[in-house]
Amino acid sequence: MGVLQQIITGLCDAGDEVIFAWRSFEAYPILVELAGARAVRIPLDHLEGHDLDAMAAAVTERTKIILLCTPNNPTGVPISHDRIEAFLRAVRSDILVVIDEAYVEYAEAGSGPDSLALYREYPNVCILRTFSKAYGLAGLRVGYAVAAPEIAEGLRRTALPFSVSALAQKAAIASLDAGEEMEARVAVVKQERARMSRELAARGWKLEPSQGNFLWIRADDELRTRLMEAFDGAGIMVRAYQGDGVRITVADAAANDRVLRILAAHAA
Ligand SMILES: *Cc1c(COP(=O)(O)O)cnc(C)c1O
């Protein structure tokens, strides 16, 4: 997020526009507005994914940055490689297209883009990754960007000194050697995600397949309130998004069973 803030603040003047899907990561509008730029929110499509045609159509001469979140937080829907490539061909090459892959470790291979290949072919692509999610270093706030040398140079120039603590750097470097542990943890999440999706479908819940470590339930205010009361009553923490739905993190099997029992009792 720190890197994203630098990108937005560094590239945008007052009144410049940043396009992103909505709903997506709740920090996007905050970072855009902090930079004095204008947030252009494009509603997700009916499959809870990015509506890239609408995003391309929203480009104006003030557009500086387009944010793509794959898999999307909070819906878990990825954007395919081919769709992003077609999008990159359609938008001006002076617009920076940020591919935010905060949850990419949880995605099935091939569900999302080969972002490095896109970056190699399109210099206006910037990839963001984080150690906060699958690597479990959320409190340490360390992540990185893959970007063209001019952009990377700008990021180095505008970084606050010591913005990534020595401890966070140590932890991130150690994490790079713990790939197998991370993959084992992720494999469990994927297995549980599939099990929950199957059981919920059998109970009449119609959810879009998630490639994140969470499930997304589209819910109007009535359903959301009902679900939140049930989860609160059971002492289970889930994320509510007013007007849109509820995001449930995939946890261990026992906790997931409790979630499934609650949802079974509230099936639409
Ligand atoms: C968590 C998250 C990030 C970055 O988190 P940091 O802790 O700042 O590294 C970026 N994008 C999305 C979509 C996220 O969910």
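Remember, predicted model here, so these are calculated numbers, not experimental data.

**Here's the deal with helix 2 (residues 27-34)**
Among all positions of helix 2, only A27, Y28, P29, L31 and V32 are buried. Elements in contact with the buried residues of helix 2: helix 1 (2-11), strand 1 (17-22), strand 2 (38-43), strand 3 (63-69) and strand 4 (96-100). Positive backbone phi, at 75°, marks G36, one or two positions downstream of helix 2.

**Topic: the sheet that holds strand 3**
Spatially, 6 strands are ordered 2-1-3-4-5-6 in an open sheet, and the strand pairing comes out mixed. The sheet is open, and its two borders are formed by strand 2 and strand 6 (143-146), each paired with just one other strand. Across this sheet, the average inter-strand angle for adjacent strands is 25°, counted without regard to direction. Pairing of strand 3 with strand 4 involves 5 bridges; the strand directions are parallel. What sits directly across from L68, in strand 4, is I99. Seen against the sheet, helix 2 touches strand 1, strand 2, strand 3 and strand 4 and runs at an angle of roughly 155° to strand 2.

**Comments concerning the sheet that holds strand 7 (residues 214-218)**
Reading across the sheet, the 3 strands line up as 7-9-8 and stay open at both edges, with antiparallel pairing between neighbours. Among the strands making up the open sheet, the edge pair consists of strand 7 and strand 8 (239-241). Going across the sheet, the axis of each strand differs from the next one's by a mean of 20°, ignoring polarity.

**Concerning the environment of G139**
Here G139 shows up in the loop between strand 5 (125-130) and strand 6. G139 gets classed as exposed once you look at its relative accessible area, which sits at 71%. For the pair formed by G139 and A168, sequence separation is 29 residues and the distance between their alpha carbons is 8.9 Å.

**Re the domain arrangement of the chain**
When its domains are assigned, the chain resolves into domain 1 (2-176) and domain 2 (179-265). Each partner contributes residues to the interface: domain 1 has 25 residues there, and domain 2 has 21 residues. Interface area, domain 1 with domain 2, both sides summed: about 1,900 Å², of which 52% is carbon and sulfur. Of all residues in domain 1, the largest losses of buried area upon contact with domain 2 belong to R23, P74 and Y106, amounting jointly to 33% of the total for that side. R239 is the salt-bridge partner of E26, the closest N and O atoms lying 2.7 Å from each other.

**Re the pairing of strand 1**
Burial runs high along strand 1: 5 of the 6 residues are buried. Here 6 bridges tie strand 1 to strand 2, and the two strands are oriented parallel to one another. By the bridge assignment for strand 2, A21 is matched with I42. Inspection of the sheet shows strand 1 paired to strand 3 by 4 bridges, in the parallel sense. Each residue of the ladder has a partner; that of F20, found in strand 3, is L67.

**Observations concerning the site of the ligand**
The ligand sits among M1, F25, C69, N73, D100, A102, Y103, T130, S132, K133 and R141. One nitrogen or oxygen atom from the side chain of Y103 is found 3.4 Å from an oxygen atom belonging to the ligand. T130 is positioned such that a nitrogen or oxygen atom in its side chain is 2.5 Å from an oxygen atom of the ligand. With the chains in place, 91% of the 380 Å² that the ligand exposes on its own is no longer accessible.

**Observations concerning the pattern of salt bridges**
Under the definition given, this model contains 17 salt bridges. For the salt bridge of E222 with R226, the shortest nitrogen-to-oxygen distance reads 2.9 Å. With E222 and R226 both in helix 9 (residues 221-233), this residue pair falls 4 residues apart, about one helical turn. Relative accessible area serves as the criterion here: at 31%, R226 is assigned to the partly exposed category. The network of salt bridges with shared partners includes R23, E48, R218 and D244.

**Observations concerning the packing of helix 8 (residues 179-202) against helix 10 (residues 253-265)**
Between helix 8 and helix 10, whose axes approach to 11 Å, the crossing angle comes to 15°. In terms of axis orientation, helix 8 runs roughly parallel to helix 10. Crossing angle aside, the handedness with which helix 8 passes helix 10 is right-handed. For the pair helix 8 and helix 10, contact is made by E192, R195, M196, E199 and L200 and by A253, N256, D257, V259, L260 and L263, respectively.

**Here we look at the packing of aromatic side chains**
Tallied over the entire structure, the rule returns 8 aromatic pairs. Their ring planes at 90° and their centres at 5.0 Å tell us that Y103 and F214 sit as a pair that is edge-to-face. A residue pair is termed long-range when its members are at least 10 positions apart, and Y103 in the loop between strand 4 and helix 5 (115-121) and F214 in strand 7 qualify at 111 residues. Neither residue differs from the other here; Y103 and F214 are each classed as buried. Relative to Y144, the ring of F131 lies with its centre 6.1 Å away and its plane at 50°, an arrangement referred to as tilted. In this pair, F131 sits in the loop between strand 5 and strand 6 while Y144 sits in strand 6, placing the two residues 13 residues apart along the sequence. Here F131 falls in the buried class, since its relative accessible area comes to 6%. Taken together, F20, W22, F25 and Y28 form an aromatic cluster joined through their ring pairs.

What counts, and at which threshold
Residues numbered from 1 in each chain as written. Predicted model: local features only at pLDDT ≥ 70, side-chain atom pairs only at ≥ 80, totals over all residues. Heavy atoms only, no water. Buried < 20%, exposed > 50% of the residue type's maximum accessible area, 1.4 Å probe, protein only. Helix = DSSP H or I, 4+ residues; strand = E, 2+ residues; numbered from the N terminus. Contact = heavy atoms within 4.5 Å. Pairing = 2+ DSSP bridges. Axes fitted to C-alpha atoms, helices over the stretch in contact; angles between N-to-C directions. Domains from an automatic or database assignment. Buried area = accessible area lost by both parts, 1.4 Å probe. Salt bridge = Lys/Arg side-chain N within 4 Å of Asp/Glu carboxyl O. Near = heavy atom within 4 Å. Polar contact = N/O pair within 3.5 Å; in protein donor to acceptor, adjacent residues only side chain to side chain. Areas by Shrake-Rupley, 256 points an atom, 1.4 Å probe, with all protein chains shown as cover. Parallel < 35°, antiparallel > 145°, perpendicular 65-115°, else oblique. Left-handed = near helix turned anticlockwise from the far one by under 90°. Phe/Tyr/Trp six-rings, centres within 6.5 Å; stacked < 30°, edge-to-face > 60°.

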